[in-house]
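Remarks on the overall topology
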Amino acid sequence: MTTRIQDVETRILAPLTGSSRPFWIWIGVLLAIIAWGAVAYFIQAREGLIVTGMRDRIMWGLYITLFVMFIGASMAGTFVSAVLRLTGASWRGPIVRSAEMITVAALVVAAIFIFFDMGRPERAFNIVLFGRWESPLVWDVYGLATYLAGSLLYLYLAAIPDIAMIRDLVPASQRLRSALYRAYAVNWIGTPDQRRVLLSTLGAMAIIMVPVAVMMHTVTSWIFGMTLREPWNSPMFGIFFVGGAIYSGVGLIVIMMFIVKRVYRLNDLITDQHFLKLGYLLATFAALMVFFNVSEFVTLGYKTSVDASFYITQMTRGSMAPVFWIYIWGGLILPIILIALPWTRNTKGIVVASIAANTGMLLERYFIVVGGLTVPLNPYEPASYFPTWIEWSLMLAGIAIFALIVTALAKALPIVAIWELREHEQEQDLEHARRMAEVSA
Amino acid sequence: MTDRRLSSDANSSAVAAENDRKFKISRRYLLKLMGATAAAGAAGPLIPGVIASAVESINSSGDATSDLQDNNSPASARVRRWMMIIDQRYCDGCQSQGTAPQCTQACNDGHYVPEPMEWIEVYEHDLSPEKEAYPGQEPSIPFDGTQFIPTPCQQCQNAPCVNVCPVGATWTTPEGITLIDQDRCIGYRMCMAACPYERRFFTWGEPSTPAAAHHVASSPEHQVSLKKGVVAKCDFCPEMARAGKLPFCAQACPQNAIYYGDFEENLATNGAGVVSISEFLAEHSATRLKEELGTRPRVYYIPGHGELAGRDPKTSGRRPVTWIDDENPETKTWARDGQ
């Protein structure tokens, strides 16, 4: 038992002590993409948003799509560490830390995409100086700040015992590192008192983070839901976004889990069972999304008001039809089939389903934003939108920043919460001993 | 459309010059018009004496713009409630003039509105619903007409754009006009998403403001030089009204189809005559755009399709508007729809 865990620990801690060649190549690629994005952003800052495909009629595009996408991705950590903690799913152990890292990174990148979309980014601080509580955007900014602070705190609190462990491992010769780990370990030595405080704080945080996450995703939907546009002007938008966030969040955890398993060679720790359990969740939320989409289209399509019928025609056989049908068949139905069929109900199948789910959700957010804005509010020929290379570059740069933040966090903290792992192991040992005692008695 | 696309070509100055001759509102005319605004009593379509004298009594009691922020002082206790009536029975989309809509042209020229914004845009609305209901079929009703809808900012009293602005860069004045502070706007375009009339525009690039515009004082009430990366729209010209002048669009309408007035006085004028607002609206079953949304616009429409201007509703088409900056091919311009 103990040798197994020690072996796992060495593999988890290895990246914290040294960096391999592939790691530096990975970092180099990410930095190159970010540098390319910086060039694109420089051009945009100099010329104005005219370098994008957006214009007066379709005034939001890929940036807002990605903002919504990354807000959705942030659901990953909260779901695993809060929802699964509260529901007592003990198998979440090996994936909690990486999921929480996703949350923090996704929220930072979401904030960056708000910034990309501003005509006057240098005035961003006006939101603090002159913020009006009536504006959904202010709800969003403060919601995001709260969510990010909460997620950072959660990530940090749950990492304190691990930070203390690293503090004891770092040689004193590395002054800065040992000083940093010592400061952040806040004198953790693992006394029963400390453990009690930490565990109750984590429990409280788990309870707090669930409503905060629901709020964040709802408020994001209200940027659209608070307008008088079809189909945004809909009471089900908040529910739609929360459902979509959990769906894409679960998918992202599966992808992350697969990468961690491969990179850290944690085959014994992350098993098919983990993928299977998340796969069932993924299929459930895919079904829920199908239900939401059917609800929306049947209620709008039955009555066919002018705007609604334009929207539905555009989605089903108009300019958005490819995006829409790839989303429905590839993004929702395919994952359900992959998880339903016994032949594909395995790690590979579930990873494919998760990639399909996240691609589908990116398309969904795109057609919500662009498709919603295409519905003409005045008598004119509908406008069209297609992102320019600047927007594509900033999209890639955003994804690269996301990957970079996750990589950096994984360099500073063990990718798997070791103390929770040990605890889980101890519990299992105790359980095992008790069972044996019962049997022998 | 082609007219202004051409303008960015090097050999377009000839086209621009020809356009200038063609259109009634020339730059010279406009400068004269602007001069008239400054010099009280000059010739031109003035707001009739009743309103003008009332305006004067307010003006004499202090700074005209003081009632923007502060209407508590007794002198400005009477707050104006500016409004507009657009008589569609007279609006032929300037087909009879053979020009682009003169309201749009005058507004663009007077405010130096950069391309391709049309703060007051004349939409052509298809009046044959049967055609819409059965696409591809011959309409069962042999009616195939259109009407023109000149659409300025609707000056909503429950303005969705004001509600969603995160920084208070757009607000409704006590006079009921929604204005924009270009120096505070962060350019996130939330208000553009919220406006159900699409009356808000964004300066996507460096706006093509001609040098002449810099000699005119710009304020939220009279926007002439726009900045990059902010939202702009029709400001309803309250400053001109206070000076006893009609807005550019109302002045320029060859059919006098645009009335500008004050609910407080219950009077509106198109430059040729004065009407009692309440009677005029009731008599002609005036409506407002998308009234059911509850935005409570201050712009009223008297339904019609240019019949009193002698327009045949079956004649469709509107001439494209040319811009004041067409002289300067170096200026960056952008198309509205992203094509």
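Before reading on, note that the structure itself is shown above.
This report concerns the structure included in the present document. (Residues numbered from 1 in each chain as written. Chains lettered and ligands numbered in written order. Predicted model: local features only at pLDDT ≥ 70, side-chain atom pairs only at ≥ 80, totals over all residues. Heavy atoms only, no water.)

Another point: the overall build of chain A. The helix and strand inventory of chain A stands at 17 helices and 0 strands. Long-range pairs, those at least 24 residues apart, make up 81% of the contacts in chain A with a sequence separation of at least 6. With the model as given, the accessible surface of chain A reaches about 19,100 Å², and the carbon-plus-sulfur share is 70%. (Helix = DSSP H or I, 4+ residues; strand = E, 2+ residues; numbered from the N terminus. Contact = heavy atoms within 4.5 Å. Areas by Shrake-Rupley, 256 points an atom, 1.4 Å probe, with all protein chains shown as cover.)

Once that is clear, we can look at the overall build of chain B. Secondary structure summary: chain B contains 12 helices and 11 strands in total. Split into buried and exposed, the 339 residues of chain B put 55% on the buried side. Intrachain contacts of chain B at a sequence separation of at least 6 include 69% that bridge at least 24 residues. Here chain B displays about 13,400 Å² of accessible surface, and carbon together with sulfur accounts for 52% of that area. (Buried < 20%, exposed > 50% of the residue type's maximum accessible area, 1.4 Å probe, protein only.)

Before going further, it helps to spend a moment on the nonpolar core. One finds W60 and F224 of chain A to be the most contacted residues of the largest nonpolar core, which totals 201 residues. Per-element tally for this core: the top contributor is helix α11 (residues 237-263) of chain A, with 14 residues. Of all hydrophobic cores here, the second largest spans 10 residues; its members include F280, L281, Y300 and I302 of chain B. (Core = buried A, V, L, I, M, F, W, Y, C linked by side-chain atoms within 4.5 Å.)

Let us look at the interface of chain B and chain A. One widely used convention gives an interface's size as the accessible area the parts lose upon coming together. The interface is formed by 51 residues belonging to chain B together with 42 residues belonging to chain A. The junction of chain B with chain A conceals about 4,000 Å² of combined surface from both sides, 55% of it contributed by carbon and sulfur atoms. The largest per-residue losses of area from chain B upon contact with chain A belong to Y188, E198 and W204 of chain B, which jointly make up 21% of the total buried on that side. On the surface where chain B and chain A come into contact, there are 2 salt bridges. E121 of chain B is paired through a salt bridge with R57 of chain A; the nearest N and O atoms lie 3.3 Å apart. One can count 29 residue pairs in polar contact (both at pLDDT 80 or more) joining chain B with chain A. Of all elements in the fold, only β2 (121-126), α8 (160-164), α9 (190-194) and β6 (201-202) of chain B reach the threshold of two or more residues within the side of chain B that touches chain A. Each residue belonging to the side of chain B that touches chain A can be placed in one class, and the counts come to 26 nonpolar, 11 polar and 14 charged. (Buried area = accessible area lost by both parts, 1.4 Å probe. Salt bridge = Lys/Arg side-chain N within 4 Å of Asp/Glu carboxyl O. Polar contact = N/O pair within 3.5 Å; in protein donor to acceptor, adjacent residues only side chain to side chain. Nonpolar A, V, L, I, M, F, W, Y, C, P; charged D, E, K, R; others polar.)

Attention now moves to the packing of helix α7 (residues 136-157) of chain A against helix α10 (residues 192-225) of chain A. Residue and element names in this part refer to chain A. Two elements in contact, α7 and α10, have axes whose closest approach is 9 Å; the angle formed by their N-to-C orientations is 155°. Considered as vectors, α7 and α10 are oriented roughly antiparallel to each other. When you trace α7 past α10, the crossing you get is left-handed. Each residue belonging to the contact of α7 with α10 can be placed in one class, and the counts come to 20 nonpolar, 6 polar and 1 charged. (Axes fitted to C-alpha atoms, helices over the stretch in contact; angles between N-to-C directions. Parallel < 35°, antiparallel > 145°, perpendicular 65-115°, else oblique. Left-handed = near helix turned anticlockwise from the far one by under 90°.)

Another aspect to go through is the packing of aromatic side chains. If you walk through the whole model with that rule in mind, you get 34 aromatic pairs over all chains. Between W133 of chain A and Y142 of chain A, the ring centres sit 5.1 Å apart and the planes meet at 45°, which makes this aromatic pair tilted. Taken together, a centroid distance of 6.0 Å and an interplanar angle of 75° make the contact between W139 of chain A and W222 of chain A edge-to-face. Of the two residues, W139 of chain A sits in helix α7 while W222 of chain A sits in helix α10, which places them 83 residues apart along the sequence. Here W139 of chain A falls in the partly exposed class, since its relative accessible area comes to 26%. Overall, W222 of chain A belongs to the partly exposed group, its relative accessible area being 33%. Taken together through their ring pairs, the aromatic side chains of W60, F224, W232, F237, F240, F241, F291 and F292 of chain A together with Y188 of chain B make up a single cluster. Above the face of the F23 of chain A ring, K411 of chain A is positioned so that its terminal group lies 4.3 Å from the ring centre. (Phe/Tyr/Trp six-rings, centres within 6.5 Å; stacked < 30°, edge-to-face > 60°. Lys NZ or Arg CZ within 6 Å of the ring centre and 35° of its normal.)

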